[in-house]
Amino acid sequence: MAHIPLPDGLPGIVGPMAYSPVTTKPLNELAEVLLRTNANDSLTQGERELIASFTSRRNDCFFCSTCHGAVADYLLGRDNNIVAQTWEDPTTAPVSDKMKALLVIAASVQIGGKYVTPEQIEAARAEGATDRDIHDTVLIAAAFCMFNRYVDGLATWAPENPAVYAEMGEALATRGYVNYNEPQPA
Amino acid sequence: MPHITLSDGVPGIRSLVMYRPETGQPLYDLAQALLRAGSPDSTLNDADRELIAAFVSKQNQTDFCMNSHAAASRYLYADQRDVVDQTLDDVDTAPISAKLKALLAIAGHVQADARTVSDELVAAARTEGASEGDIHDTVLIAASFCMYNRYVDGLATFTPTDPAAYEAMGERMGTVGYQLPKVKA
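About the criteria used
- Each residue is numbered by its place in its chain's sequence as written, counting from 1.
- Just so you know, chain letters begin at A and ligand numbers begin at 1, following the order they were written in.
- Given that the model is predicted, a residue must reach a pLDDT of at least 70 before its local features are reported, and side-chain atom pairs must reach 80 or more before they are shown or counted; all residues, however, enter totals for whole chains, interfaces and linings.
- The side-chain numbers reported here are obtained from all heavy atoms of the structure, hydrogens and water having been left aside.
- Elements are defined by DSSP. Helices are runs of H or I of four residues or more, strands are runs of E of two residues or more, and each kind is numbered from the N terminus.
- Every radius of gyration here is taken over C-alpha atoms, with the globule rule written as 2.2 Å times N^0.38, N being the number of residues.
- Contacts: residue pairs with any heavy atoms within 4.5 Å of one another.
- Note on areas: Shrake-Rupley, 1.4 Å probe, and residue coverage restricted to the protein chains presented here.
- In this charge count, Lys and Arg are treated as positive and Asp and Glu as negative; neither His nor the chain ends contribute.
- Taken as the charge centre is NZ of Lys, CZ of Arg, CG of Asp or CD of Glu, depending on the residue.
- To get an axis, fit a line to the C-alpha atoms, keeping to the stretch in contact for a helix; angles then go from 0 to 180 degrees between the N-to-C directions.
- Angles are sorted into four bins: roughly parallel if under 35 degrees, roughly antiparallel if over 145, roughly perpendicular if 65 to 115, and oblique for all others.
- Residues are grouped as follows: Ala, Val, Leu, Ile, Met, Phe, Trp, Tyr, Cys and Pro are nonpolar; Asp, Glu, Lys and Arg are charged; every other residue, Gly included, is polar.
- Expected span of a helix: the number of residues minus one, times 1.5 Å.
- The salt bridge definition used is simple: a Lys or Arg side-chain nitrogen within 4 Å of an Asp or Glu carboxyl oxygen.
- We define a polar contact as two N or O atoms separated by no more than 3.5 Å, with the added condition that, inside protein, one atom must be a possible hydrogen donor and the other a possible acceptor, whereas residues neighbouring each other in sequence contribute only through side-chain atom pairs.
- UniProt positions are given in the numbering used here, feature names are shortened, and annotations may be inferred rather than shown by experiment.
- Cysteine sulfur atoms that pair up within 2.5 Å are treated as a disulfide.

Undergrad: I'd like a rundown of the overall build of chain B, residues and numbers included.
TA: Summing up its helical and strand segments, chain B has nine helices and zero strands in all. Sequence-ordered secondary structure for chain B, helices as α and strands as β, is α-α-α-α-α-α-α-α-α. The globule rule puts the C-alpha radius of gyration for 185 residues at 16 Å, and the 16 Å found for chain B is close to it. A principal-axis box enclosing the C-alpha atoms of chain B has dimensions of 50 × 35 × 30 Å.

And the structure:
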């Protein structure tokens, strides 16, 4: 049971977000900009969601890792099984060398900001990462160290049915974060 | 030296929100909402909120955030400013309320591993008078500083060492709050 009374049936972060609209607005705006608006050819929406799910997995946050894993799978092609392979071992996963280098940085951020080394940054640059790619990777990983703690620190409810996550993944990938809770036109 | 090219001499998160204002805006809006408004039923004042932020930043060993939010907390506690350093030094013996101590215990668990925030820790805070909003806000303040701290350290931003620099920052945070710096076009 959650540590504070939350509306019934809302999964993961959606519960506390309904509880606290004043903080929910910037939280959703941050996710929207970082994961969607800022996406470009250098760091795609699917790759950003992969970094989010990878960081959440390292934090052992079931809801966020599964949910953002479903978004990444939807965007990268579910049959490609990229999320599961990245969780298992990012060094052998079928992602670009640049992504591998950025995932190393994300893994350091997850432990603590000071674990990011100049060597890790140089390695990412050598594979073509720009300042913006590095900035966004660090902030995505840092932001999920927040979202994960918000979800787990309040002991929120996480659905177990994989179909629920597949549906959320598609909705978040296509409609995004700012509009997620708003009714959609028929 | 920062890992990416940032404005010379601009410290900590300020250099990052100037570099990328599109993420800076929600980051500052979140700080403003959490540290200056909070949940409707919350009993925490702004000084308490800044103290939780400084406490978590200390646990994460992020000197810039710890020093700046400690300075904001001192400014806001005014004539009781000494409680800030006493709390950062040792929560158990600090002259703060049992409620705030119980909430700092929750914040400490959020920082270390949020899954360890137990029913007992939450019940203890309630016994000392913490409201639902106090618990919510404490968890999110602690969680958000696990983000801000990693952002500031993960890009190796400039950390001033002169205490006077933080005193000025603390006064600005305590009066103006969290507003995005104006960036020259």
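Undergrad: Tell me what's going on with the overall build of chain A, and back it up with residues and numbers.
TA: Within chain A, the regular secondary structure consists of nine helices and zero strands. Reading the helices (α) and strands (β) of chain A from amino to carboxyl end gives α-α-α-α-α-α-α-α-α. Against the compact-globule benchmark of 16 Å for 186 residues, chain A has a radius of gyration of 16 Å, which places it among compact chains. Dimensions of chain A, computed from the C-alpha atoms along their principal axes, are close to 50 × 35 × 30 Å. Taking the contacts inside chain A whose residues are at least 6 apart along the sequence as the reference set, 70% of them involve residues at least 24 apart. Summed over all atoms, the accessible surface of chain A reaches about 7800 Å², with 53% contributed by carbon and sulfur. Here chain A contributes 13 positively and 23 negatively charged side chains, and the mean placements of these two sets differ by 4 Å.

Undergrad: For the packing of helix α4 (residues 63-77) of chain B against helix α8 (residues 132-154) of chain B, give the residues involved together with the corresponding values.
TA: Residues and elements named next belong to chain B. Between α4 and α8, whose axes approach to 8 Å, the crossing angle comes to 125°. Classed by the angle they form, the pair α4 and α8 counts as oblique. Taking contact as the criterion, the partners of F64, C65 and H69 in α4 are, on α8, F145, Y148, N149 and V152. The residue makeup of the contact of α4 with α8, split by class, is five nonpolar, two polar and no charged.

Undergrad: Any details on helix α6 (residues 98-113) of chain B? Residues and values, ideally.
TA: In this model, α6 of chain B (16 residues) spans 23 Å end to end at C-alpha, consistent with the 22 Å of a helix rising 1.5 Å per residue. Looking at the buried positions of α6 of chain B, the neighbouring elements they touch are α8 (131-153) of chain A together with α3 (46-59), α4, α5 (82-89), α7 (119-127) and α8 of chain B.

Undergrad: Describe the interface of chain B and chain A, naming the residues involved and giving the relevant values.
TA: Taken together, the contact pairs 45 residues of chain B with 43 residues of chain A. Between R132 of chain A and E22 of chain B there is a salt bridge, with the nearest N and O atoms lying 3.3 Å from each other. Our count for the contact surface shared by chain B and chain A stands at 19 residue pairs in polar contact (both at pLDDT 80 or more). Counting residues per element, the side of chain B that touches chain A draws most heavily on α8 of chain B, which supplies 14 residues. In the side of chain B that touches chain A, the residues fall into 21 nonpolar, 14 polar and 10 charged.

Undergrad: Hey, could you go over the UniProt feature "domain: Carboxymuconolactone decarboxylase-like" (unreviewed entry) in chain A for me, with residue numbers and the actual values?
TA: With numbering matched to this structure, UniProt assigns "domain: Carboxymuconolactone decarboxylase-like" (unreviewed entry) to residues 95-155 of chain A. Annotation note: span residues 95-155 of chain A, helix share 77%, strand share 0%, distance between end C-alpha atoms 33 Å.

Undergrad: Just give me the short version of the state of the cysteines, but keep the residues and values in it.
TA: With the rule as written, the count across this model stands at zero disulfides over all chains. The thiol sulfur of C67 of chain A is not disulfide-bonded, and the nearest other cysteine sulfur, from C64 of chain A, lies at 7.2 Å. Among the cysteines around C146 of chain B, which has no disulfide bond, C145 of chain A carries the closest sulfur, lying 7.5 Å off.

Undergrad: I'd like a rundown of the side chain of N60 of chain B, residues and numbers included.
TA: Along the polypeptide, N60 of chain B turns up in the loop between α3 and α4. Leaving out residues up to four positions away in the same chain, N60 of chain B has contacts with K114 of chain A together with Q111, F145, C146, N149, R150 and D153 of chain B.

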